[in-house]
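Structural overview
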Amino acid sequence: QSVLTQPPSASGTPGQRVTISCSGSTSNIGNFNVLWYQQLPGTAPKLLIYSNNQRPSGVPDRFSGSRSGTSASLAISGLQSEDEADYYCAAWDDSLNGRVFGSGTKVTVL
Amino acid sequence: EVQLVQSGVEVKKPGESLEISCKASGYTFATSYIAWVRQIPGQALEWMGSIYPGDSEATYSPAFRGQVTISVDKSINTAYLRWRSLKPSDSAIYYCEAYNSDLESFDYWGQGTLITVSS
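Now for a description of the structure that goes with this document.

Calculation notes
- Residues numbered from 1 in each chain as written.
- Chains lettered and ligands numbered in written order.
- Predicted model: local features only at pLDDT ≥ 70, side-chain atom pairs only at ≥ 80, totals over all residues.
- Heavy atoms only, no water.
- Helix = DSSP H or I, 4+ residues; strand = E, 2+ residues; numbered from the N terminus.
- Rg over C-alpha atoms; globule rule 2.2 N^0.38 Å.
- Buried < 20%, exposed > 50% of the residue type's maximum accessible area, 1.4 Å probe, protein only.
- Lys, Arg positive; Asp, Glu negative; His and termini not counted.
- Charge placed at Lys NZ, Arg CZ, Asp CG, Glu CD.
- Pairing = 2+ DSSP bridges.

On to the overall build of chain B, then. Looking only at helices and strands, chain B has zero helices and eleven strands in total. Along chain B, helices (α) and strands (β) appear in the sequence β-β-β-β-β-β-β-β-β-β-β when read from the amino end. Relative to the globule expectation of 14 Å for 119 residues, the C-alpha radius of gyration of chain B, 14 Å, shows essentially globular dimensions. Considered along the principal axes of its C-alpha atoms, chain B spans approximately 40 × 25 × 25 Å. Here chain B, with 119 residues, has 46% of them falling under the buried criterion. Of the side chains in chain B, 9 bear a positive and 13 a negative charge, and the two mean positions are spaced by 11 Å.

Next up, the structure:
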């Protein structure tokens, strides 16, 4: 059972905007920065967003993140076929004294 | 270029011990954390714990404390994850991750090590 809650799936057609939510608590998202990871099939996770809304170099600007209270969200605008992957949110949790991950969201491009 | 190269596939029997490794290069090993993350195929990522190579201090998730041991050898820029007695439920892919708590954009992953525990 993951500490952070995400919808199991999301989908859209090419060019559409897709949003993924991540719900936590004051022990994690409410007081710590959120990260988002993209995991393409059969590969290791890759950092997509850090510090709630910052993109590492090389990540397209159609990926954006936000945080409000104890929730966060990832938006993919201009959805492309190569965006088909699993997406995970993560944050530090001070009640567990460790990082926690979300339950993961599978994005399908229709 | 930052690289984390993990040891290869393992097939073990229940009750056996195992240590897998993660060799880092391309950055200052001592000053960034190494975490281990479990992924049972088809399931979510689970943070197992992390270690700061500078002082070898390890922190464990409550779910994994006492089940595994995380260690490092700074002389060869390598982190380890060890089991004393494997169970079939330990079958999973294990990833190492290098991250820096002061520079959140510094976040790199190994390719993963698949472990199968079966009699």
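Once the structure has been displayed, the description carries forward.
A word on the pairing of strand E6 (residues 57-60) of chain B. Looking down a regular strand, the side chains alternate between one sheet face and the other. All names here are of chain B. Relative to E6, strand E5 (residues 45-52) runs antiparallel, the two being bridged by four bridges. When the bridges of E6 are listed, Tyr52 appears paired with Glu57. Counting the residues that bridge the hairpin from E5 to E6 gives four residues, and of these Ser56 lies at a positive phi of roughly 60°.

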